[in-house]
Amino acid sequence: MESYLLEMKDISKSFGAVKALKKASLNLRSGEVLALMGENGAGKSTLIKTCSGAVVPTSGKIKVNGKTFSRMTPQLASENGIAIIYQEFNNVGELSVAENLFLGHPIKKGIVIDKKAMEAESIEAFKQLNIDINPKELMKNLTVGYQQMVEIAKAIHQNANVLIMDEPSAPLTSKEVKSMFEVVRLLKSKGVSIIYISHRLEEIFALSDRIEVIRDGEYIDTLITKDANVDQLIKLMVGREMT
């Protein structure tokens, strides 16, 4: 029986009378890019939020690193190496890049924040991703693409080994998308597992190893990307042949 780094089994979630998830499942291997696909409202965001602790599932189990949970919290997710990169970045524009990288857990010398140490460690963190960002620069002065790179670097610096990317290319230029792709492939080569959500089919086929499809809150199927095609994927997403 194959073992997975992350397993989500029979995850259900109701918001009042609305059933957002109906026994949905997801399995993520170590060091792979798993694309999570579905139409708007299929339940993709709800599913990944149960994994990150932002949403409490009504029922189901989440197994990560061999430990089983009935629910996650943001703290538990972080402790178990799960990080999520949302479209809206979790940063503070008036602080420096280094201060954002260490937001919530600054390096201190005694009771004083050690900015030089944070800047030096930030440079090393960016080197790991082959990106060059001035750690002294104010976050608000960075392009959207570089702000996203800081968020990714922050997650990896906090020892994330499961990185969830929710529509990461949506706010980016084509050049920034290319840079993001390079970072995703680099992370994969380092053994980081990535759940990648996008509506852009060309990205899914370029980046992913497998594609999981959910529809109306339910797990439908998982495809090997190299063996799949666009028509097959769209049929699974919408539940019928498209003409």
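Everything in this summary refers to the structure shown in the same document. (Residues numbered from 1 in each chain as written. Predicted model: local features only at pLDDT ≥ 70, side-chain atom pairs only at ≥ 80, totals over all residues. Heavy atoms only, no water.)

### Focus on the layout of surface pockets
Roughly 540 Å³ of volume is contained in the largest pocket. Taken together, 21 residues line the largest pocket, and the ones lying closest to its centre are Ile82, Ala83, Ile84, Asn90 and Gln158. Elements with a contribution of two residues or more to the lining of the largest pocket: α2 (74–79), β6 (82–85) and α5 (144–157). Take the lining of the largest pocket: its biggest share by element is four residues, from β6. Residue composition of the lining of the largest pocket, by class: 12 nonpolar, six polar and three charged. Its boundaries defined by the atoms lining it, the second largest pocket holds a volume of some 250 Å³. Lining the second largest pocket are 13 residues, and of these Ile131, Tyr146, Met149, Glu176 and Ser179 sit closest to its centre. Elements with a minimum of two residues in the lining of the second largest pocket: α5 and α6 (174–189). The element contributing the most residues to the lining of the second largest pocket is α6, with six residues. (1 Å grid on protein atoms, 1.4 Å probe; cavity = no way out; pocket = protein on both sides within 12 Å on 5 of 7 lines; lining within 4 Å. Points joined across faces, edges and corners; volume = space filled by probe spheres on them. Helix = DSSP H or I, 4+ residues; strand = E, 2+ residues; numbered from the N terminus. Nonpolar A, V, L, I, M, F, W, Y, C, P; charged D, E, K, R; others polar.)

### Some remarks on the pairing of strand β12 (residues 218–224)
By the bridge criterion, six bridges tie strand β11 (residues 210–215) to β12 in an arrangement that is antiparallel. Within β12, the position partnered with arginine 215 by the bridge is glutamate 218. Hairpin remark: β11 followed by β12, antiparallel, with two residues in the connecting loop; positive phi at aspartate 216, about 50 degrees. (Pairing = 2+ DSSP bridges.)

### Let's talk about the pattern of salt bridges
Within this structure, the stated rule accounts for eight salt bridges. As a salt-bridge pair, glutamate 32 and arginine 210 come within 2.7 Å of each other at their nearest N and O atoms. One end of the pair, glutamate 32, is in the loop between β2 (18–28) and β3 (33–37); the other, arginine 210, is in strand β11, with 178 residues separating them in the sequence. Accessibility assignment for this pair places glutamate 32 and arginine 210 in one class, buried. Between lysine 127 and glutamate 124 there is a salt bridge, with its nearest N and O atoms 3.6 Å apart. Note that lysine 127 and glutamate 124 are positioned in helix α4 (residues 115–128) at a spacing of three residues, about one turn of the helix. Here glutamate 124 falls in the partly exposed class, since its relative accessible area comes to 40%. (Salt bridge = Lys/Arg side-chain N within 4 Å of Asp/Glu carboxyl O. Buried < 20%, exposed > 50% of the residue type's maximum accessible area, 1.4 Å probe, protein only.)

### Digging into the environment of phenylalanine 15
Residue position: phenylalanine 15 is located in strand β1 (residues 6–15). With 43 residues separating them in the primary sequence, phenylalanine 15 and threonine 58 have C-alpha atoms 9.2 Å apart. Setting aside chain neighbours within four positions, we find phenylalanine 15 in contact with Ala20, Thr46 and Val55. (Contact = heavy atoms within 4.5 Å.)

### Side note on unusual backbone geometry
In this model, asparagine 159 sits at a positive phi of 70 degrees, which is unusual for a non-glycine residue. Its location among the elements puts asparagine 159 in the loop between α5 and β9 (162–166). One non-glycine residue with positive phi stands out, namely glutamate 167, at about 50 degrees. Note that glutamate 167 resides in the loop between β9 and α6. Residue glutamate 167 is classed as buried on the basis of its relative accessible area, which comes to 11%.

### A closer look at the sheet that holds β2
On the basis of which strands lie adjacent, the open sheet formed by four strands has the order β2-β1-β4-β5 and antiparallel pairing. Looking at the sheet topology across the chains shown, the edges are occupied by β2 and β5 (67–69). The sheet shows a mean angle of 20 degrees between the axes of neighbouring strands, taken without regard to direction. Taken together, the seven bridges between β1 and β2 define a ladder with antiparallel strand orientation. Note that in β2 the partner of glutamate 7 across the bridge is asparagine 27. Sitting on the sheet, helix α1 (residues 44–52) is in contact with β1, β2 and β4 (59–64), with an inclination near 115 degrees to β1. (Axes fitted to C-alpha atoms, helices over the stretch in contact; angles between N-to-C directions.)

### A few points about the packing of aromatic side chains
Tallied over the full model, the rule gives zero aromatic pairs. The residue whose ring lies beneath lysine 13 is phenylalanine 15, and the NZ or CZ to ring-centre distance is 5.1 Å. (Phe/Tyr/Trp six-rings, centres within 6.5 Å; stacked < 30°, edge-to-face > 60°. Lys NZ or Arg CZ within 6 Å of the ring centre and 35° of its normal.)

The values reported here are purely geometric and, on their own, carry no functional implication.
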